[in-house]
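# Descriptive analysis of the structure
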Amino acid sequence: MFDRQLNRVFRALANTNSRWIIERLAEGDVTVTELAEAFAISFRGVLDHVQVLERCGLVRTSKERGTRTCQLDPDTLLAVEKWMRQTLWRSRRDRLGSLPQDWHWRSPPERPEGL
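Structure report, in brief. (Residues numbered from 1 in each chain as written. Predicted model: local features only at pLDDT ≥ 70, side-chain atom pairs only at ≥ 80, totals over all residues. Heavy atoms only, no water.)

## Things to note about helix 4 (residues 43–55)
Between its first and last C-alpha atoms helix 4 spans 18 Å; for 13 residues at 1.5 Å apiece the expected length is 18 Å, and the two agree. Three or more residues of helix 4 are buried, namely Gly-45, Val-46, Leu-47, His-49, Val-50 and Leu-53. Looking at the buried positions of helix 4, the neighbouring elements they touch are helix 1 (3–13), helix 2 (16–25), helix 3 (32–38), strand 2 (59–64) and strand 3 (67–72). Where helix 4 terminates, the next one or two residues include Gly-57, which has phi positive at roughly 95 degrees. (Helix = DSSP H or I, 4+ residues; strand = E, 2+ residues; numbered from the N terminus. Expected span 1.5 Å × (residues − 1). Buried < 20%, exposed > 50% of the residue type's maximum accessible area, 1.4 Å probe, protein only. Contact = heavy atoms within 4.5 Å.)

In structure tokens, the structure reads:
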């Protein structure tokens, strides 16, 4: 995933309304009108959020007979998840390399009976 697209995704996900739209789309496809009816913002406001999500690749839309339907694009979410996992594991692996060479794993002490 390119840095520019990753930046767009995180910028879009920083907005509460956009995250709500993503959560709703995870349940299934929905029209912009249906999103606006369930939202406390205008149709135009919802459409603006959908367009931001579409530009960063999180959402796809299609228009048929004047109705715009939104669909989650899981490929972008999976790419972000993969990037996050790789980044976190790389960080953890680097920290493990800083352990002292003479450090050894020890078993926990045995518990006394009755505890």
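Following the structure, the description resumes.
## Description of the environment of Leu-25
Here Leu-25 is to be found in helix 2. The exposure class of Leu-25 is buried, given its relative accessible area of 4%. Counting along the chain gives 46 residues from Leu-25 to Gln-71, while the straight-line C-alpha distance between them is 6.3 Å. Excluding residues that lie within four positions of it along the chain, Leu-25 makes contacts with Val-30, Val-59, Cys-70, Gln-71 and Leu-72.

## Some remarks on the nonpolar core
Ranked by size, the top nonpolar core spans 21 residues in total, and within it Ile-21, Val-46 and Val-59 carry the most contacts. The set of elements that each furnish at least two residues to this core consists of helix 1, helix 2, helix 3, helix 4 and strand 3. Here this core takes 4 residues from helix 4, the largest share from any one element. In contact with Val-59, not counting residues within four places along its chain, are Ile-22, Leu-25, Val-50, Leu-53, Glu-54, Cys-70, Gln-71 and Asp-73. (Core = buried A, V, L, I, M, F, W, Y, C linked by side-chain atoms within 4.5 Å.)

In short, geometric facts, not functional conclusions.
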